[in-house]
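Structural characterization, general
The primary structure of each chain is shown beneath.
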Amino acid sequence: MLTIIDKYILKRYLATFTVMLLLFIPIGIVIDVSEKINKMLENKIPFLDIVVYYYNFTIYFANSLFPIFLFLSVIWFTSKLANNTEVIAILSSGISFSRFMRPYIIGASIVSVFVLLMGFYIVPAASEGFNNFRYTYLKGGGKEAMHGNNTNVHRQINDNEFIYVNSFNDVSKTAFNFTLEKFKGEKLVSKITASRIQWNPKDSTYTMYDYTKRTLGELDDKIEKAPEKKAVFTFDLEDLTPVVYIAETLSIGKLYDFIEKERKRGSGDINVYLVVLYKKISVPVSAFILTIIAVAVSSMKRRGGMGTNLAIGIALAFAFVFFDKIFGTLAEKSTFSPLFAVWFPNIAFGILAVYLLRNAKR
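Reference entry: report on the structure contained in this document. (Residues numbered from 1 in each chain as written. Predicted model: local features only at pLDDT ≥ 70, side-chain atom pairs only at ≥ 80, totals over all residues. Heavy atoms only, no water.)

Quick look at unusual backbone geometry now. Most peptide bonds take the trans configuration, and most residues that are not glycine carry a negative phi. You will see that K44, though not glycine, has its phi angle at about 50 degrees, which is positive. You can see K44 is positioned in the loop between α1 (4-42) and α2 (47-83). Note on K44: relative accessible area 73%, which makes it exposed. (Helix = DSSP H or I, 4+ residues; strand = E, 2+ residues; numbered from the N terminus. Buried < 20%, exposed > 50% of the residue type's maximum accessible area, 1.4 Å probe, protein only.)

This is how it looks when you write it as structure tokens:
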């Protein structure tokens, strides 16, 4: 059962966190508008699209920076408790520091579950709208940049078939210098080549130009040629070069399936997708770690008052974000383990949390 003190602290925990979000999100929107207003006017973006963009921006921004908001909000109201000698009064009444932490842990659990569910189902849709707007309206050559490197694309589309295209144009849905090889075990069975292949949305077919199919036989090969030929394939041309932020736009179930499919295809961006997957779990867990650190740092009454606690808190918060960004980038751009990279900030700050908590108990 929650006591009066538990309810009091829990209410302050959730209320301060909510106020922190409501305070900083409008500031973030104002800064973003001031940076992008010229491009919005130049591109004559419809007002409704801008409204939808800032709805998605709010969710995306809040999810990205929620650990900092949570950390600073806990330091803020706990420092006020300490300055008002409320913490001393609570501990002097016979309540242990571990028991004092209980409403904080309950609050962290509520926030973590909320952030976890948002990350699984709500944030992906917001991320898609946010990034689509940026690449469509705000970035020069954004529509082409959405697909990253779309030249010399090699893909394994199933256990037996491999695709190669020299380049891919997303606007016209056309791939150039197309090759499709089919194997049986390690033996090449057939090979299709075309100077270009175009997607036909009306009948869900592909048109190949300068088509050649070579079927390998035991004694001789069979060659089939045509200037133009329609066919039905099981792959999607857009799957050859998915948008660079595709992993951020998928719900948890679809993300698992997408990663498995890309792993079979031998995708070079698999680490990028794994970082997104692992962060969906690691970010909510950070709520517990940062809450413990915040309470341990701010529950003591200091000479500098709240200013000192906030200064320490801001330094620790930005150190956490720094490690999170650095190790995430290392995993995406190198052979560094994505799992270790994503969880390292939580591990490092978890050790720090245990150390600070033991000192605070004393």
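Now that the structure has been shown, we can carry on.
Once that is clear, we can look at the nonpolar core. Among the nonpolar cores identified, the biggest contains 54 residues, and Y104 and I293 are the most heavily contacted of them. At the level of elements, α1, α2, α3 (86-92), α4 (97-100), α5 (102-138), α9 (270-298), α10 (306-333) and α11 (338-361) are the ones that each hand at least two residues to this core. Take this core: its biggest share by element is 17 residues, from α2. Look past the residues within four positions of Y104 in its chain and what remains in contact with it is I9, Y13, V74, F77, T78, L81, T291 and V295. Counting 17 residues, the second-largest nonpolar core is a separate cluster that includes I157, V165, I192 and F233. (Core = buried A, V, L, I, M, F, W, Y, C linked by side-chain atoms within 4.5 Å. Contact = heavy atoms within 4.5 Å.)

Right, let's talk about the packing of aromatic side chains for a bit. Using the criterion set out here, one finds 32 aromatic pairs in the structure. Centroid distance F97 to F100: 5.6 Å. Interplanar angle 55 degrees. Geometry classified as tilted. Of this pair, F97 and F100 are both found in helix α4, three residues apart, which corresponds to roughly one turn of the helix. When its relative accessible area of 7% is taken as the criterion, F97 is described as buried. What makes F100 buried here is its relative accessible area of 2%. Taken together, a centroid distance of 5.8 Å and an interplanar angle of 55 degrees make the contact between F336 and F340 tilted. Overall, the relative accessible area of 39% leaves F340 in the partly exposed class. Here the aromatic cluster, defined as three or more aromatic residues joined through ring pairs, consists of F24, Y53, Y54, F57, Y60, F61, F69, F130, F133 and Y137. The aromatic ring of Y211 is capped on one face by K229, whose charged end is 5.6 Å from the ring centroid. (Phe/Tyr/Trp six-rings, centres within 6.5 Å; stacked < 30°, edge-to-face > 60°. Lys NZ or Arg CZ within 6 Å of the ring centre and 35° of its normal.)

Direction vectors running N to C along α1 and α2 enclose 140 degrees, while the axes themselves pass 6 Å from each other. In terms of orientation, α1 and α2 fall into the oblique class. Handedness of the α1/α2 crossing: right-handed. Class assignment for the residues of the contact of α1 with α2 results in 25 nonpolar, four polar and four charged. (Axes fitted to C-alpha atoms, helices over the stretch in contact; angles between N-to-C directions. Parallel < 35°, antiparallel > 145°, perpendicular 65-115°, else oblique. Left-handed = near helix turned anticlockwise from the far one by under 90°. Nonpolar A, V, L, I, M, F, W, Y, C, P; charged D, E, K, R; others polar.)

With that out of the way, let us pick up the side chain of T16. With respect to the helices and strands, the residue T16 is situated in helix α1. T16 has contacts with S73, W76 and F77, leaving out every residue within four places of it along the chain.

Bringing α1 into the picture now. With 39 residues, α1 should cover 57 Å at 1.5 Å per step; its first-to-last C-alpha distance of 57 Å lies within 8% of that length. When the local axis directions of α1 are compared, the greatest deviation, roughly 55 degrees, occurs at K36. Backbone geometry just after α1 places K44 at a positive phi near 50 degrees. (Expected span 1.5 Å × (residues − 1). Bend = angle between axes of the 7 residues up to and from the residue.)

Turning our eyes to something else, we now look at the packing of α2 against α5. At a minimum axis distance of 6 Å, the contact between α2 and α5 shows a crossing angle of 150 degrees. Between α2 and α5, the angle is such that the two are roughly antiparallel. Of the two possible hands of crossing, α2 and α5 adopt the one that is left-handed. Looking at the contact of α2 with α5, its residues break down into 21 nonpolar, six polar and two charged.

Bringing the environment of I68 into the picture now. Looking at where I68 falls in the secondary structure, it is placed in helix α2. Relative accessible area serves as the criterion here: at 12%, I68 is assigned to the buried category. Taking C-alpha positions, I68 is 5.7 Å from A317, a pair spaced 249 residues apart along the chain. If sequence neighbours within four positions are ignored, I68 has contacts with A317 and V321.

Following the criterion strictly, the structure yields eight salt bridges and no others. Taking the shortest distance from any N to any O, the salt bridge between D6 and R102 comes out at 2.9 Å. Of this pair, D6 sits in helix α1 while R102 sits in helix α5, and the two are 96 residues apart along the sequence. Classification of R102 as partly exposed rests on a relative accessible area of 31%. For the salt bridge of D221 with R214, the shortest nitrogen-to-oxygen distance reads 3.1 Å. On the accessibility criterion, D221 (33% relative accessible area) is partly exposed. If you follow the salt bridges from partner to partner, you end up with D6, R99 and R102 in one network. (Salt bridge = Lys/Arg side-chain N within 4 Å of Asp/Glu carboxyl O.)

What follows deals with helix α8 (residues 252-264). Helix length check: α8, at 13 residues, gives a terminal C-alpha distance of 19 Å against a target of 18 Å (1.5 Å per residue), a fit within 8%. Turning to α8, its buried residues number three or more, namely I252, L255, F258, I259 and E262. The buried side chains of α8 occupy one side of the element, clustering within an arc of 115 degrees when seen end-on. Away from its buried face by more than 90 degrees, α8 exposes K254, D257 and K264. (Arc of directions from axis to C-beta.)

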